Amino acid sequence: MSSKTLLLILVLAAGCLWAQEKKEPEPPSTAPTATTPASPHPATISAEDKARKNPVKFTEVSVQRGKRIYNTQCALCHGEKGDGKGELAEDMKLNVPDFTNPDTLKDRTDGELFAIIGAGIDPMPGQAGRMTEPQRWNLVNYLRALAGKAPEKSSGKEPEENVILVPQ
Ligand code: HEC
């Protein structure tokens, strides 16, 4: 290839880039307004996560299992009762949502809660590497119970629980 041809290609390529840039219109300003609600948190959750179905039935046994994990891993921030008044949250001056208010999580799917618990939301630590998936689903069920939903009676046929939490 002669250097002239090369130069021509470069000029054409540059022209293309320039034309592309010119074509892009200014994106319309869609900045959130003051009406953005403080909670639920605008966490980025994929449509797939959002649509994920809870494979663990909402029963008393599941809620009880979720509660046991909650009391050791979550209550320090979210409060024993789920009202957001945990000691650590007060010390750190965190703004923690009130799970006892049925409105707080009503627009969240179980899949979203599962994803949030797994990934965490700053400053909340993610649990995906520390808990089994059934443990996270039990937590989701416990959050529903905190909001006032009554779990089904247990069948007595729930699978055995894997209770080992990986220490941090
Ligand atoms: C270090 C304190 C802390 C710990 C520990 C913690 N959280 Fe949180 N959590 C927060 C804070 C703060 C928020 C609010 C984040 C925001 O909206 O900016 C939050 C938000 C959430 C939300 C999202 C609510 C929503 O829709 O906006 C869920 C669900 C949740 N926490 C569940 C849990 C569970 C379950 C545990 C225990 C495994 C846990 N958290 C442990 C501090 C904590």
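Refer to the structure printed above.
All figures in this text were calculated on a predicted structure; none of them were measured in a lab.

A. Looking closely at the packing of helix α3 (residues 60-73) against helix α7 (residues 133-146). Their axes nearest at 7 Å, the elements α3 and α7 cross at an angle of 100 degrees. By the angle class used here, α3 and α7 are roughly perpendicular. Within the contact between the two elements, α3 uses S62, V63, R65, G66, K67, I69 and Y70 and α7 uses Q135, N138, L139, N141, Y142, L143, A145 and L146. Residue classes in the contact of α3 with α7 are distributed as eight nonpolar, five polar and two charged.

B. Spatial organisation of the site of the ligand. Around the ligand, the structure places 25 residues, and the nearest of them are C74, C77, H78, R108 and M124. The contact in question runs from an oxygen atom of the ligand to an N or O atom on the side chain of R108, over 2.6 Å. Contributions of two or more residues to the shell around the ligand are made by α4 (75-78), α6 (110-119) and α7. Classifying every residue of the shell around the ligand gives 18 nonpolar, six polar and one charged.

C. Local environment of the environment of P134. If you trace the backbone, P134 turns up in helix α7. P134 sits 68 residues away from G66 along the chain, and the two C-alpha atoms are 9.4 Å apart.

D. Expanded view of the coordination of the iron atom of the ligand. All of the protein donors around the iron atom of the ligand are H78 (NE2) and M124 (SD); their distances to the metal are 2.0 Å. Taken together, the six donor atoms coordinating the iron atom of the ligand span angles of 87 to 180 degrees at the metal, a pattern that classifies the geometry as octahedral. Of the two residues, H78 is situated in helix α4 and M124 in the loop between α6 and α7; the sequence distance between them amounts to 46 residues.

E. Looking closely at the nonpolar core. Core analysis: the biggest nonpolar cluster contains 18 residues, and Y70, L139, V140, L143 and L146 have the highest contact counts within it. Of all the secondary structure elements, the ones that give two or more residues to this core are α3, α6 and α7. At six residues, α7 tops the list of elements feeding residues into this core.

F. Representation of α3 in the model. If you check α3, its first and last C-alpha atoms are 20 Å apart, about what 14 residues at 1.5 Å a residue would give, namely 20 Å. Of the positions making up α3, those classed as buried are S62, V63, R65, G66, I69 and Y70. All buried residues of α3 project into a common sector of 160 degrees when viewed along the axis, lining one side. Turned more than 90 degrees away from the buried face of α3 sit R68 and T72, all of them exposed. The elements touched by buried residues of α3 are α4 and α7.

Scoring rules and cut-offs
Within every chain, residues take consecutive numbers counted from 1 along the sequence as written. The model is predicted, so local features are restricted to residues of pLDDT at least 70 and side-chain atom pairs to those at 80 or more, both for listing and for counting; the totals for chains, interfaces and linings are taken over all residues. The side-chain numbers reported here are obtained from all heavy atoms of the structure, hydrogens and water having been left aside. Axis definition: a line fitted to C-alpha atoms, limited for helices to the stretch in contact. Angles are taken between N-to-C directions and run from 0 to 180 degrees. Per the convention used, a helix needs a DSSP run of H or I reaching at least four residues, while a strand needs a run of E reaching at least two, with both numbered from the N terminus. Relative orientations are named as follows: roughly parallel for angles under 35 degrees, roughly antiparallel for angles over 145 degrees, roughly perpendicular for angles from 65 to 115 degrees, and oblique for any other angle. The contact definition used throughout considers only heavy atoms, calling two residues in contact when any of these lie within 4.5 Å. In this classification, the charged set is Asp, Glu, Lys and Arg, the nonpolar set is Ala, Val, Leu, Ile, Met, Phe, Trp, Tyr, Cys and Pro, and all remaining amino acids, among them Gly, are polar. When at least one non-hydrogen atom of a residue lies within 4 Å of a molecule or strand, that residue is treated as near it. Each polar contact in these results corresponds to two N or O atoms within 3.5 Å; when the atoms are within protein, one needs to be able to donate a hydrogen and the other to accept it, and residues that are neighboring in sequence are counted only if both atoms are side-chain atoms. Only nitrogen, oxygen and sulfur atoms qualify as donors, provided they sit within 2.8 Å of the metal or within 3.2 Å for Na, K and Ca; with water excluded from the atoms, sites may seem incomplete. Here the metal geometry follows the donor angles, with tetrahedral for four donors whose angles all fall between 85 and 135 degrees, square planar for four and octahedral for six when opposite donors are more than 155 degrees apart and every other angle is between 65 and 115, and irregular for all the rest. Here, nonpolar core means buried Ala, Val, Leu, Ile, Met, Phe, Trp, Tyr and Cys residues that are tied together by side-chain atoms lying within 4.5 Å of each other. With a 1.4 Å probe rolled over the protein chains alone, any residue whose accessible area is under 20% of its type maximum counts as buried; one over 50% counts as exposed, and the rest are partly exposed. Here a helix's expected span is defined as the number of its residues, less one, multiplied by 1.5 Å. In this context, the arc is that of the directions from the helix axis out to the C-beta atoms.

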